[in-house]
Amino acid sequence: MTATDKQLLSNNATEKDQSHSRQGDRLLDCTRRIRRVAVLGAGVMGAQIAAHLANAGLQVLLFELPAEDEDKNAHAKQGLKGLTRLKPNPLAIAGVLQNIEAVNYGRHLPRLSECDLVIEAIVERLDLKHDLYKKVVPHLGKHTILATNTSGIGIHQLAQDLPDEIKQRFCALHFFNPPRYMHLLEVIPHRQTREDVIRLLEGFVTTSLGKGVVKAKDTCSFIGNRIGVFALLAVMHHAQRLGLPPDLVDKLTGTGIGRPKSATFRTLDVVGLDVFAHVVQTLADDTKADPWHTYYRISPWIRTLIEQGALGQKRRVGVYQKQDKEIHVFDPSIQGYRRVSSALDERLREILKIPVVADKYQALLDYDHPQADFLLSIFADLFHFCAYHLKEIAHSARDVDLALRWGYGWSMGPFEIWQAAGWQDVSARVLDRIRAGKTMSKAPLPQWVSEIERGGVHGPEGSWSADREQVIPRSAHPVYNRQHFPERLLGEPSPVTETVFETETVRLWHNGDQIAVLGFKTKMHTVSDAVLEGVIRAVKAAEDDFKALVIWQSQAPFCAGANLLEVLTQMHSGESAGVEDVVRKFQQASMALKHAMIPTVAAVQGMALGGGCEFVMHCDRVVAALESYIGLVEVGVGLIPAGGGCKELVLRAADAAQGDDVFPFIARFFERVALGKVSGSAMEARQWGYLRPADRVVLNHHELLHVAKSEALALYEGNYRPPVLRRDIPVAGVAGAATLGAQLVNMRKGGFISEHDYEIGSRLASIFCGGDVDAGSRVSDEWLLRLEVEAFMRLLEMDKSQQRIQHMLEKGRPLRN
């Protein structure tokens, strides 16, 4: 690239960023208009929606029927109490409950006029929803938006008795369960809903709630559940046809075909067999003209389990149950439970490992085996169903694929799989199966399927729309200007970036905005010796040619810690001196991030563990997705943090003490590190001190890079200067370490920790208290870093620590020896 080209790239990026920034500012001004939200219904779903609104910092009124006892808000409060028992936790931190006020319909309906948005989330009965709307509509403000969280009732049915002015502000916001964690949110307008209302909501739920919006048509069960439920029913139909038991079906329909690890029947146990039966019954009642209607029923053996109360995970027995520490599965062939024992055919197992979809599909075609027939059959019926219903239920194939990715956890949507396997070849084979009567329905394959000439429904210009009979681009809503790397479908181009340098383990790049971005290429983005070299090199390159450096990974996790295999291999080869050099290099990389002449920002999503957490703490600013799980976990492998993590926490404890006794702050940090605790959210990491008050938490992980760059640029424009090296850090000294040691002794005597845990904890306590110095002594960064290296190397030389590392590498979980 010539100097002129680089200048053009920079100018274009600047102009584009400024334009997008202006649009984004206007958008955020609008979405901030939604400040107070009411949720009608404090059941499991309503309470969880309220919780996620509270996670986002909104003020929430949670309505429920008035109780008969003295506290009329008792029913709503019970819903809030239930939140604390749910797993996974719907609350980012317990403190967000303060954002939710429990109220009741009998007394507090007039307060709906205070709300910008009202979300109805009561039981799925049309008559009850109509009755509730009659009560709430008179109290709505003139700009209040009314939304329903229905999972399948027609919006036209729900709106039929609403006044016209309310219909213009009425739609469905269909959250998927659990609302905090599921990215998909389907937005379904009524035919009279104003476009500006939908645009406002799309911006609000995308940025403020972190959701992926799919606009669905007003049809039964919308997009996600209409196709997702059919996919499950197709699996059950062909399993019954071929006599495949549930545990074998789950081995066939999990990650090997791009679906969640829970596959089919384990997923049903999580959802609840009764809930699944209700959804299927809704489809059966409302889609009688559907060519697949005859299959909208659950298997008799599942009906039997429901009647027996075996509803799944919530009852601890469903398709699966635990008996005497063993997992048992219900086998329809014996009408009872047996130990999980069904095995994949060995050749089929190898086929499922094939990474290229087209190669995997061809291998299935070439293998004459019932398990291969099963997989080919479920995909043929899925493709047939999706193609037939695309025009009816969705605006484009993109909406279908994103709905299944975001709502059902598929790695690729059905149209993407079809396209990846070879559009024309698969289309011909599906058509042959239809003609031969080998599909679940004889419905014709739409003509557009054979007329597509570009190898599939997705491409650089957009995705196929069956109702428009043309390719349509992605949404032009300005909220998506905040997503520099939106989730990309098969066939869509990657954004253009320029590489500064690239090695086998890292890449430093930019897109003309004078901010360098560093990403790791290692598995789980672990830190190796080569990654450390890359970080040090990236800091130097950013200081020479850029305004700031951002560490960002295109996919979670941010960083799962050090490369333990590299460490253990060196130790087994007698290269302990080499390991010590790497540890010192880690500290050099951390300090380079902290004391660089330009701002450094960590953009975090997913796990930031061990060394990943240490990198995070050494950056000038952190921008973390809400779903960031941060912690120093080295004790789990028999070691202590030695990349500057202990030093940084001691420094933060000293700053928090503000001249008072530092020990209480040290003790809190010590406990979390000694127990290897990991935060349940970015907000909890901030509570714990791993993030600072100035660090940002964003709810939509696709906006991480945008916000991180904004923070970096703000630091630079604010006449950035790096922090100075510290030589005045007050420590608790030997006395503090003795106090922590006494706690460890009690835990050892009580059988809560092992001898080796005690050894690790004692060395950790010494570092946190500054080593062999008196209480109140002042030490330097360098002093604490030296203590880290010494303790790390002494522990690494111990057999029990090496056993812990080996166990983690082999089993993926800690060993307590």
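This text goes with the structure placed above it.
Enquirer: I'd like a description of the overall build of the chain, backed by residues and values.
Expert: From N to C terminus, the chain includes 31 helices and 23 strands. Taken over the C-alpha trace, the chain has a radius of gyration of 29 Å; the compact-globule value for 817 residues is 28 Å, and the two agree within 12%. In terms of principal-axis extent, the alpha carbons of the chain reach across some 80 × 70 × 65 Å. Counted over contacts in the chain with a minimum sequence separation of 6, partners at least 24 positions apart contribute 72%. Here the chain holds 95 positive side-chain charges and 97 negative ones, and the gap between their average locations is 3 Å.

Enquirer: I'd like a rundown of the pairing of strand E17 (residues 515-520), residues and numbers included.
Expert: Among the six residues that make up E17, six are buried, leaving the element largely enclosed by the rest of the structure. Here E17 shows two buried faces, one formed by Ile 515, Val 517 and Gly 519 and the other by Ala 516, Leu 518 and Phe 520. As paired strands, strand E16 (residues 506-510) and E17 are joined by four bridges and run antiparallel to one another. Following the sheet pairing, Arg 507 is matched in E17 by Gly 519. Taking the residues that link successive antiparallel strands as the turn, the E16-E17 hairpin has four residues, and the phi of Gly 512 there is positive, at about 90°. Sheet topology places E17 next to strand E18 (residues 548-552); four bridges connect them, and they run parallel.

Enquirer: Any details on the side chain of Lys 585? Residues and values, ideally.
Expert: Of note, Lys 585 is situated in helix H22 (residues 576-595). Side chain to side chain, Lys 585 and Glu 533 meet in a polar contact 2.6 Å long.

Enquirer: An account of the side chain of His 190 is needed here, citing residue identities and associated values.
Expert: Structurally, the position occupied by His 190 is in the loop between strand E7 (184-189) and helix H8 (195-208). Setting aside chain neighbours within four positions, we find His 190 in contact with Ile 155, His 156, Ala 159, Lys 167 and Phe 170.

Enquirer: Lay out helix H28 (residues 733-749) in plain terms, naming residues and giving numbers.
Expert: Taking 1.5 Å of rise per residue, 17 residues should cover 24 Å, and H28 covers 25 Å from first to last C-alpha, within 8% of that figure. Looking at the buried positions of H28, the neighbouring elements they touch are helix H25 (663-674) and helix H29 (755-768).

Enquirer: Quick rundown of the sheet that holds strand E14 (residues 470-472)? Include the residues and the values.
Expert: Taken together, three strands build an open sheet; the order of strands is E12-E13-E14 and the sheet is antiparallel. Looking at which strands have only one partner, the edges of the open sheet turn out to be strand E12 (458-459) and E14.

Enquirer: Can you explain the nonpolar core? Please cite residues and give values.
Expert: A general tendency of soluble globular proteins is for nonpolar side chains to be buried together. Grouped together as the largest cluster of nonpolar side chains are 121 residues, with contacts concentrated most on Leu 348, Phe 415 and Trp 448. The leading source of residues in this core is helix H16 (residues 370-393), at 14 residues. Dropping the residues within four chain positions of it, Phe 415 is found in contact with Cys 386, Ala 387, Leu 390, Ala 397, Val 400, Asp 401, Trp 423, Trp 448, Val 457 and His 458.

Enquirer: Can you tell me about H16, naming the residues and giving the values?
Expert: Taking 1.5 Å as the rise per residue, H16 with 24 residues should run 34 Å; its terminal C-alpha atoms sit 33 Å apart, in good agreement. At Ala 387, H16 shows its strongest bend, of approximately 30°. When you tally the buried positions in H16, you get 19 out of 24 residues, the bulk of the element.

Enquirer: Got a sec to walk through the packing of aromatic side chains? Specific residues and values, please.
Expert: This structure, assessed with the given rule, holds 24 aromatic pairs. Taking the centre distance of 6.3 Å and the plane angle of 25° together, the rings of Trp 423 and Trp 448 count as stacked. Of the two residues, Trp 423 sits in helix H18 (residues 414-435) while Trp 448 sits in helix H19 (residues 447-451), which places them 25 residues apart along the sequence. Using a relative accessible area of 2% as the deciding quantity, one classes Trp 423 as buried. Overall, Trp 448 belongs to the buried group, its relative accessible area being 10%. Judged by centre distance (5.5 Å) and plane angle (70°), the rings of Phe 485 and Trp 509 are edge-to-face. Of the two residues, Phe 485 sits in the loop between E14 and strand E15 (498-502) while Trp 509 sits in strand E16, which places them 24 residues apart along the sequence. Overall, Phe 485 belongs to the partly exposed group, its relative accessible area being 26%. These aromatic residues form a ring-pair network of at least three members: Phe 379, Phe 383, Phe 415, Trp 418, Trp 423, Trp 448 and Trp 464. Directly above the aromatic system of Phe 501 lies the positively charged group of Arg 537, at a separation of 3.9 Å from the ring centroid.

Enquirer: Just give me the short version of a nonpolar patch on the surface, but keep the residues and values in it.
Expert: A contiguous nonpolar surface patch, about 310 Å² in accessible area, is contributed by Leu 675, Met 747 and Phe 752. Here Leu 675 lies in the loop between H25 and helix H26 (682-688).

Enquirer: Can you tell me about the sheet that holds strand E11 (residues 336-339), naming the residues and giving the values?
Expert: One open sheet holds the three strands; their spatial order is E9-E10-E11, and the pairing between them is antiparallel. Lying at the two open borders of the sheet, with one neighbouring strand each, are strand E9 (320-323) and E11. This sheet shows a mean twist of 40° between the axes of neighbouring strands, independent of strand direction. Pairing of E9 with strand E10 (residues 326-331), which is carried by four bridges, proceeds in the antiparallel orientation. Opposite Lys 322, over in E10, you have Ile 327 as the bridge partner.

Enquirer: With reference to specific residues and values, describe the pairing of E15.
Expert: One ladder, built from four bridges, connects E15 with E16; its direction is antiparallel. The residue of E16 that forms the bridge with Thr 499 is Trp 509. Hairpin connection, E15 to E16: the antiparallel pair is bridged by three residues.

Enquirer: Hey, could you go over the state of the cysteines for me, with residue numbers and the actual values?
Expert: By the definition in use, this model includes zero disulfides. Left unpaired, Cys 559 is separated from the closest cysteine sulfur, that of Cys 613, by 9.9 Å. Here Cys 769 is not disulfide-linked; the sulfur of Cys 646 is the nearest cysteine sulfur, at 11 Å. Look at Cys 769 and you get buried, because its relative accessible area is 0%.

Enquirer: Describe the environment of Ser 679, naming the residues involved and giving the relevant values.
Expert: Among the structural elements, Ser 679 can be located in the loop between H25 and H26. Expressed as a C-alpha distance, the spacing of Ser 679 and Ala 92, which sit 587 residues apart in the sequence, is 9.6 Å. Setting aside residues no more than four positions away along its own chain, Ser 679 makes contact with Ser 628, Tyr 629, Ile 630, Glu 684, Ala 685 and Trp 688.

Enquirer: I'd love a proper account of the pattern of salt bridges, names of residues and values included.
Expert: Taken as a whole and judged by the stated rule, the model has 48 salt bridges. Here Lys 77 makes a salt bridge to Asp 71, at a shortest N to O gap of 2.9 Å. Exposure remark for Asp 71: the relative accessible area of 29% places this residue in the partly exposed category. A cluster of three or more residues bridged by salt bridges with shared partners is formed by Arg 36, Glu 101, Arg 111 and Glu 114.

About the cut-offs
- In this convention, every chain numbers its residues from 1, walking through the sequence in written order.
- It should be noted that, the model being predicted, local features are given only for residues of pLDDT at least 70 and side-chain atom pairs only at 80 or more, the latter also being counted only at that level, while totals for whole chains, interfaces and linings use all residues.
- Calculated side-chain values reflect all of the structure's heavy atoms, with hydrogen atoms and water omitted.
- Each helix is a run of DSSP H or I of at least 4 residues and each strand a run of E of at least 2, with the numbering of both proceeding from the N terminus.
- For the radius of gyration, the atom set is restricted to C-alpha positions; the globular benchmark scales as 2.2 Å times the number of residues to the power 0.38.
- The criterion used for residue contact is that any of the two residues' heavy atoms lie within 4.5 Å.
- This count recognises Lys and Arg as positive and Asp and Glu as negative, with His and chain-terminal groups excluded.
- A charged residue contributes its charge at one atom only: NZ of Lys, CZ of Arg, CG of Asp or CD of Glu.
- Each residue is assigned to one of three classes by its accessible area relative to the maximum for its type, calculated with a 1.4 Å probe on protein chains only: buried under 20%, partly exposed between the two thresholds, exposed over 50%.
- The pairing criterion is simple: DSSP has to find at least two bridges between the two strands.
- The term polar contact refers here to a pair of N or O atoms within 3.5 Å; inside protein, the definition further demands a hydrogen-donor-capable atom paired with an acceptor-capable atom, and it admits residues adjacent in sequence only when both atoms are side-chain atoms.
- Under the convention used throughout, the expected extent of a helix is 1.5 Å for every residue step, that is, one less than its residue count.
- Within this scheme, the nonpolar core is defined by two criteria: the residues are buried Ala, Val, Leu, Ile, Met, Phe, Trp, Tyr or Cys, and they are joined through side-chain atoms within 4.5 Å.
- The angle separating two fitted axes, one through the seven residues that finish at a residue and one through the seven that start at it, defines the bend at that residue.
- Working definition: a ring pair exists when centres of Phe, Tyr or Trp rings (six-membered ring for Trp) sit within 6.5 Å. Plane angles under 30 degrees give stacked, over 60 give edge-to-face, the rest tilted.
- For a ring to carry a charge above it, either NZ of a lysine or CZ of an arginine must fall within 6 Å of the ring centroid while also lying within 35 degrees of the normal to the ring plane.
- The patch calculation keeps residues exceeding 30% relative accessible area without a salt bridge and links them within 9 Å when they carry like charges or within 5 Å when they are nonpolar (Val, Leu, Ile, Met, Phe, Trp, Tyr).
- Working definition of accessibility: Shrake-Rupley area with a 1.4 Å probe, residue cover restricted to the visible protein chains.
- Whenever a carboxyl oxygen of Asp or Glu lies within 4 Å of a side-chain nitrogen of Lys or Arg, that contact is scored as a salt bridge.
- Each axis is a line fitted through C-alpha atoms, taken for helices only over the stretch in contact, and angles between the N-to-C directions span 0 to 180 degrees.
- Two cysteine sulfurs form what is called a disulfide whenever their separation falls within 2.5 Å.

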